[in-house]
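In case you want the letters, here they are:
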Amino acid sequence: MITAAGRGVPIALQNYISRLYTGTSTRLKVGSELSGVVHVRRGVRQGDPLSPLLFNYVMDWVLSELDTQLGVELQDSLKVNHLAFADDVSLLAQSRPCIAWYPDPRGKRKF
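Residues numbered from 1 in each chain as written. Predicted model: local features only at pLDDT ≥ 70, side-chain atom pairs only at ≥ 80, totals over all residues. Heavy atoms only, no water.

A. Focus on the overall build of the chain. Helix and strand content of the chain: four helices and eight strands. Order of helices (α) and strands (β) in the chain, N terminus to C terminus: α-α-β-β-β-β-α-β-β-β-β-α. The burial tally for the chain puts 16% of its 111 residues in the buried class. When contacts within the chain are restricted to residue pairs at least 6 apart in sequence, long-range pairs at least 24 apart make up 26% of them. For the chain, the accessible surface area stands at approximately 9,200 Å², while carbon and sulfur atoms represent 58% of it. (Helix = DSSP H or I, 4+ residues; strand = E, 2+ residues; numbered from the N terminus. Buried < 20%, exposed > 50% of the residue type's maximum accessible area, 1.4 Å probe, protein only. Contact = heavy atoms within 4.5 Å. Areas by Shrake-Rupley, 256 points an atom, 1.4 Å probe, with all protein chains shown as cover.)

In structure tokens:
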């Protein structure tokens, strides 16, 4: 909800969405066996019509926060720092050292 607050989403709507996701649980069925209750604490609900909107909203925010100095120069001053389609994202950089500037969500570096 931090993303929504920073983007001007009304507090009433933020609270409504938060309540939709608070206390969510599910059960898994494997064969004929039903699991115990699993509490869902992250992510969006599969099949929920609101899920793609929430996903797109967060991805738009994340991609807009990328450093505009990083990326690949295409023309004069036009730089592209990412390519995104659906849930696939490629971060672009001129060199491997530049990639090190991108944050790794797992806190690890590949290079």
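Still to come is the rest of the account.
B. Spatial organisation of the packing of aromatic side chains. The final tally for this structure, using the stated rule, is zero aromatic pairs. Just above the ring of Tyr-21 sits the side chain of Arg-45; from NZ or CZ to the centre is 5.0 Å. (Phe/Tyr/Trp six-rings, centres within 6.5 Å; stacked < 30°, edge-to-face > 60°. Lys NZ or Arg CZ within 6 Å of the ring centre and 35° of its normal.)

C. Structural context of the pairing of strand E5 (residues 72-75). With three bridges joining them, E5 and strand E6 (residues 78-80) adopt antiparallel strand pairing. Looking at E6, one finds that Gln-75 is bridged to Leu-78. Hairpin connection of E5 to E6: two residues between the antiparallel strands. (Pairing = 2+ DSSP bridges.)

D. The arrangement of the side chain of Gln-14 in detail. Structurally, Gln-14 is set in helix H2 (residues 11-21). The class for Gln-14 is buried, based on a relative accessible area of 9%. A polar contact of 2.6 Å, which involves the side chain of Gln-14, links it to the backbone oxygen of Val-9. (Polar contact = N/O pair within 3.5 Å; in protein donor to acceptor, adjacent residues only side chain to side chain.)

E. Quick peek at the environment of Leu-66. Within the secondary structure layout, Leu-66 lies in the loop between helix H3 (51-64) and E5. Taking the relative accessible area as the measure of exposure, Leu-66 reaches 13% and is therefore buried. The sequence separation of Leu-66 and His-82 amounts to 16 residues, and the corresponding C-alpha distance is 8.6 Å.

F. Spotlight on the pairing of strand E8 (residues 88-91). Note: strand E7 (residues 82-85) against E8, four bridges, orientation antiparallel. By the bridge assignment, Leu-83 is partnered in E8 with Ser-90. What sits between E7 and E8 in their antiparallel hairpin is a turn of two residues, with Ala-86 showing a positive phi close to 55 degrees.

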